[in-house]
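Listed below are the residues making up each chain.
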Amino acid sequence: MAGLNGQQAAAIVILGAGSLATARRIQQRYPQAAIHGLRGRVEGADSQYDSFADTLRALYRQGTPIIALCAAGIVIRCLASVLDEKGAEPPVLAVAEDGSAVVPLLGGLSGVNGMARELGEALGVAAAITTSGELRFGTCLLNPPEGYALADLEQGKRFVSDLLAGEPVRIEGDAPWLAQAQLPASDGAQRTIHVGCEARAASRSELLIHPRAVVVALAAGAPGLAEQVRGALRAAGIAEPSLACLLVAEQAMAEPSLQDAAAELGVALRFAAMSGTLADMAAQALPGARLSEQQGLVVAVAPAPLDVAGVGRKRGRLAVIGLGPGAAELMVPAVKAELSRAQDILGYETYVRMAGPFRHDQVQHCTDNREEMQRARHAFELAAQGRSVVVVSSGDPGVFAMAAAVLEALHASTDPAWHRVDLEILPGVSASLATAAQAGAPLGHDFCVMSLSDNLKPWSIIEKRLDLAAEADLVLAFYNPISKSRPHQLGLALDVVRRHRKGDTPVVLGRDIGRPGQTLKVVTLAELQPGMVDMRTMVLVGSSTTCTFERLAGGCWAYTPRWYPAPR
Ligand code: SAH
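Definitions and limits used
Each residue is numbered by its place in its chain's sequence as written, counting from 1. Given that this is a predicted model, residues contribute local features only at a pLDDT of at least 70 and side-chain atom pairs are listed and counted only at 80 or more, while totals for whole chains, interfaces and linings are drawn from all residues. No hydrogens and no water enter the side-chain calculation; it runs on all heavy atoms of the structure. Helix and strand labels come from DSSP, where a helix needs a run of H or I of at least four residues and a strand needs a run of E of at least two; each type is numbered from the N terminus. When DSSP finds at least two bridges between two strands, those strands are taken to pair. Note on geometry: axes are lines fitted to C-alpha atoms, helical ones only across the stretch in contact, with angles between N-to-C directions running from 0 to 180 degrees. We call two residues in contact when some of their heavy atoms are within 4.5 Å. Burial classes: relative accessible area under 20% of the type maximum marks a residue as buried, over 50% as exposed, and values in between as partly exposed (1.4 Å probe, protein chains only). We call a crossover right-handed when, viewed with the strands running away from us, the connection from the first strand over the helix to the second turns clockwise. Proximity is defined per residue: any heavy atom of the residue falling within 4 Å of a molecule or strand makes that residue near it. Pairs of N or O atoms within 3.5 Å make up the polar contacts considered here, provided that, within protein, one atom can donate a hydrogen while the other can accept it, and that residues adjacent in sequence are counted only when both atoms are side-chain atoms. Surface accessibility in these figures is a Shrake-Rupley result with a 1.4 Å probe; residues are shielded only by whichever protein chains are displayed. Residues are grouped as follows: nonpolar covers Ala, Val, Leu, Ile, Met, Phe, Trp, Tyr, Cys and Pro; charged covers Asp, Glu, Lys and Arg; every other residue, Gly included, is treated as polar. Whenever Lys or Arg places a side-chain nitrogen within 4 Å of a carboxyl oxygen from Asp or Glu, that contact is recorded as a salt bridge. Domain delimitation in this document rests on an assignment produced automatically or drawn from a domain database. Distance thresholds for patches are 9 Å for like charges and 5 Å for nonpolar side chains (Val, Leu, Ile, Met, Phe, Trp, Tyr), applied to residues having over 30% relative accessible area and no salt bridge. For a helix, the expected span equals 1.5 Å multiplied by the residue count minus one. Pairing of aromatic rings covers Phe, Tyr and Trp, the last through its six-membered ring, and needs centres within 6.5 Å; plane angles under 30 degrees mean stacked, over 60 mean edge-to-face, and all others mean tilted. Our definition puts a charge over a ring when NZ of Lys or CZ of Arg is within 6 Å of the ring centre and also within 35 degrees of the ring normal. Put simply, buried Ala, Val, Leu, Ile, Met, Phe, Trp, Tyr and Cys residues joined by side-chain atoms within 4.5 Å make one nonpolar core.

Draft legend 1. Structural view of the environment of arginine 234. Mapped onto the elements of the fold, arginine 234 is located in helix 7 (residues 225-236). With 35 residues separating them along the chain, arginine 234 and alanine 199 place their C-alpha atoms 7.9 Å apart.

Draft legend 2. Representation of the sheet that holds strand 25 (residues 519-524) in the model. Spatial ordering of the open sheet is given by 22-23-26-24-25, a layout of five strands whose pairing is mixed. Of all strands in the sheet, those with a lone pairing partner are strand 22 (447-451) and strand 25, marking the two edges. Strand after strand, the sheet turns through a mean of 20° between neighbouring axes, direction not considered. Note that strand 24 (residues 506-511) and strand 25 share six bridges and pair antiparallel. Paired with proline 506 across the two strands is threonine 524, which belongs to strand 25. Seen against the sheet, helix 16 (residues 459-471) touches strand 22 and strand 23 (475-479) and runs at an angle of roughly 165° to strand 22.

Draft legend 3. Here's a closer look at the pairing of strand 12 (residues 243-249). By the criterion of burial, strand 12 is predominantly enclosed, with seven of the seven residues buried. Of the strand pairs in this sheet, strand 11 (residues 214-218) and strand 12 are connected by five bridges, and their pairing is parallel. Bridging across to strand 12, alanine 217 finds its partner in leucine 247. Crossover strand 11 to strand 12 through helix 7 is right-handed. The pairing of strand 12 with strand 13 (residues 268-272) spans five bridges and is parallel. Pairing of leucine 247 across the sheet is with arginine 270, part of strand 13.

Draft legend 4. Focus on the site of the ligand. Around the ligand sit 20 residues in total, of which Val399, Ser430, Ile513, Met535 and Thr537 are the nearest. For the ligand, an oxygen atom lies 3.2 Å from a polar atom in the side chain of asparagine 480. Protein coverage of the free-state accessible area of the ligand, which is 540 Å², stands at 94%. Across the shell around the ligand, the residue classes tally to ten nonpolar, six polar and four charged.

Draft legend 5. Focus on the pattern of salt bridges. Under the counting rule described, the total for this entry stands at 29 salt bridges. In this structure, arginine 191 engages aspartate 162 in a salt bridge whose closest nitrogen and oxygen atoms are separated by 2.6 Å. Of this pair, arginine 191 sits in strand 9 (residues 191-195) while aspartate 162 sits in helix 6 (residues 153-164), and the two are 29 residues apart along the sequence. Among the residues examined, arginine 191 registers a relative accessible area of 14% and is labelled buried. On the basis of relative accessible area, aspartate 162 is assigned to the buried category, the value being 13%. A salt bridge links arginine 204 to aspartate 162; the nearest nitrogen and oxygen atoms lie 3.0 Å apart. With a gap of 42 residues between them, arginine 204 in the loop between strand 9 and strand 10 (206-211) and aspartate 162 in helix 6 connect regions that are remote in the sequence. In the salt-bridge network here, residues are joined through shared partners; they are Glu227, Arg230, Arg234, Glu240 and Glu264.

Draft legend 6. The domain arrangement of the protein, seen in detail. Taken domain by domain, the protein holds domain 1 (11-130), domain 2 (148-211), domain 3 (214-310), domain 4 (317-429) and domain 5 (432-559). Of note, the centres of domain 1 and domain 2, computed from C-alpha atoms alone, are 32 Å apart.

Draft legend 7. Looking closely at the side chain of glutamine 362. With respect to the helices and strands, glutamine 362 occurs in the loop between helix 11 (349-355) and strand 18 (363-367). Polar contacts involving the side chain of glutamine 362 include one to the main-chain amide nitrogen of arginine 359, which spans 2.9 Å.

Draft legend 8. Summary view of a nonpolar patch on the surface. On the surface, Phe400, Leu433, Phe447 and Val449 cluster together to form a nonpolar patch covering roughly 330 Å² of accessible area. Its place among the elements puts phenylalanine 400 in the loop between strand 19 (388-393) and helix 13 (402-411).

Draft legend 9. Spotlight on helix 12 (residues 372-384). Here helix 12 spans 18 Å end to end across 13 residues, near enough to the 18 Å set by a 1.5 Å rise per residue. Every buried residue of helix 12 is listed here: Arg375, Ala376, Ala379, Phe380, Leu382, Ala383 and Ala384. Where helix 12 terminates, the next one or two residues include glycine 386, which has phi positive at roughly 100°.

Draft legend 10. View of the sheet that holds strand 9. Strand order in this open sheet of four strands is 7-10-9-8, and the pairing throughout is mixed. Each end of this open sheet is capped by a strand with a single partner; those strands are strand 7 (148-150) and strand 8 (169-172). Each strand axis lies, on average, 20° off the axis of its neighbour in the sheet, ignoring direction. When strand 8 meets strand 9, the two strands line up parallel, connected through four bridges. The partner of isoleucine 171 across the bridge, within strand 9, is isoleucine 193. Of the strands in this sheet, strand 7, strand 8, strand 9 and strand 10 touch helix 6, which is tilted by about 135° from strand 9.

Draft legend 11. Quick look at the packing of aromatic side chains. As enumerated under the stated definition, the model contains six aromatic pairs in all. For the ring pair tyrosine 49 and phenylalanine 52, a centre distance of 6.2 Å and an interplane angle of 45° mean the geometry is tilted. Classification of phenylalanine 52 by relative accessible area gives buried; the value is 10%. Ring centres of phenylalanine 380 and tryptophan 418 lie 5.1 Å apart, and the angle between their planes is 15°; on these two criteria the pair is classed as stacked. Placement of phenylalanine 380 in helix 12 and of tryptophan 418 in helix 14 (residues 416-419) is noted, with a sequence separation of 38 residues between them. Positioned above the aromatic ring of tryptophan 557 is the side chain of arginine 551, whose terminal nitrogen or guanidinium carbon lies 3.7 Å from the ring centre.

Draft legend 12. A look at the nonpolar core. Within the largest apolar cluster, 44 residues are counted, with the highest numbers of intra-cluster contacts made by Val216, Leu218, Val229, Leu243 and Leu246. Mapped onto this core, the elements with two or more residues apiece are strand 11, helix 7, strand 12, helix 8 (256-265), strand 13, helix 9 (278-285) and strand 15 (297-301). It is strand 12 that contributes the most residues to this core, seven residues altogether. Leave out the neighbours within four places in its chain, and valine 229 touches Val216, Leu218, Leu243, Leu246, Leu265 and Leu297. In this structure, Trp459, Leu466, Phe478 and Val523 belong to the second largest nonpolar core, which totals 23 residues.

Dropping the structure here:
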């Protein structure tokens, strides 16, 4: 998710079709940014929203840079209520619909002026920069570029006002980004901008900036690891903001204490093979770095800020996700977030399409519905290389879908790299639940979920389970009720059910629920014909207590009460 200044990718938010052309020009400058369009007013946006104000506030709270194509005043009003909330402020810009003006509004310390200049360049206009320090010096001293960290913001603000008041300054250390700045430089200046990795006491006359050029290498996780890393940095005389990442022996990749430590230190985890010593591993991953052993860890100081993506490699991730029945509102937010960070998306073509649209940098691997084990193995091969992989299922991935296939592939594998993958299963709204919700509450009491497909199990087992479940008076939810290759089985299944259930038992048929053209029918078991059902249908057969009553809007409600009559 490489974005602006290491931030998340920006959101381009537009209100009308008239802004789409400008939005596309902005997207050419920031290819990772998605265009969000107002539903019903904008066709061809990457995603749609219903409320402009709610969308802006949600993006702001997530720390997503916002480029809003509308009046600056509208943006200010929408965000006014959230400005006091604590947290890092993302860049927020208003851009005129026709691209004739770029106004940075918020996020001075997260690079809004830089973005405004980039946008101004892309649109051929001058950005409306109003920040004094920025105007005077041509750069925001308090927002050093990616790879550098300011030691103390409050101290920095005082320092900049001193310079604005006319104090001269000199630079100690290597600050290539200041070469173009118009600073009041003088060799004899009292004020210094000091760039270096070492820990130094704060001083009113010094603006301290730390290059992120330090890596701490370790062989294994341990409780209290973050404190151990801090101890090693102190022993080496290094300031903590200089820490760029932790480099860990890949054998330890799956240890949870590593994630905790990295989160606490606010740095990335990277991994490398360790065959010799820790120092050998560090030297190989960071050629040219100065190494020292500190308290059982190795501290490596590189000569310049590090591109963390080039140090070792990251831990691969494999998420098996459920899209829900189809409608975007029924997709859980964790699944949406996972899709946006995925590098590779695997699945049956229909579902991959349903999960999109995807960015150009995301690779889609569409396969036939029957190649599940092969797809699962392919997913692990990609994730074991350090990629972020998503395997998509419809509904819930654990219900007659990919999660079990992925676990079966892992269970059968002796490759340690597969077992070290960060594997997560993210749930979705399964078709039986989505269908039940539309019909009322037919699954309100004990129920049984079955797939009627005999592709992966003998038909005799299906018949036996149907018989016992029907006898037990469970509500029955049938997935895969019928298909072209097995047209007669539903009839056979219903014969079994009819041995135990009365003809007036309600049956709910949901077809393409949550998708365009969805239909919902409630019939009786006596009326039910296999011809009313196809492979896109969910069949819910009621129990002896399931009942229906008229619904004013048309049709009926079906529900199964939560109580059950006491046995006679
Ligand atoms: N993992 C999926 C189920 C896959 S099995 C889930 O949890 O929903 C495929 C079967 O699910 C189909 O044959 C059909 O019976 C049912 N199904 C899936 N999506 C559906 C939908 N949108 N409407 C009705 N039935 C659906």
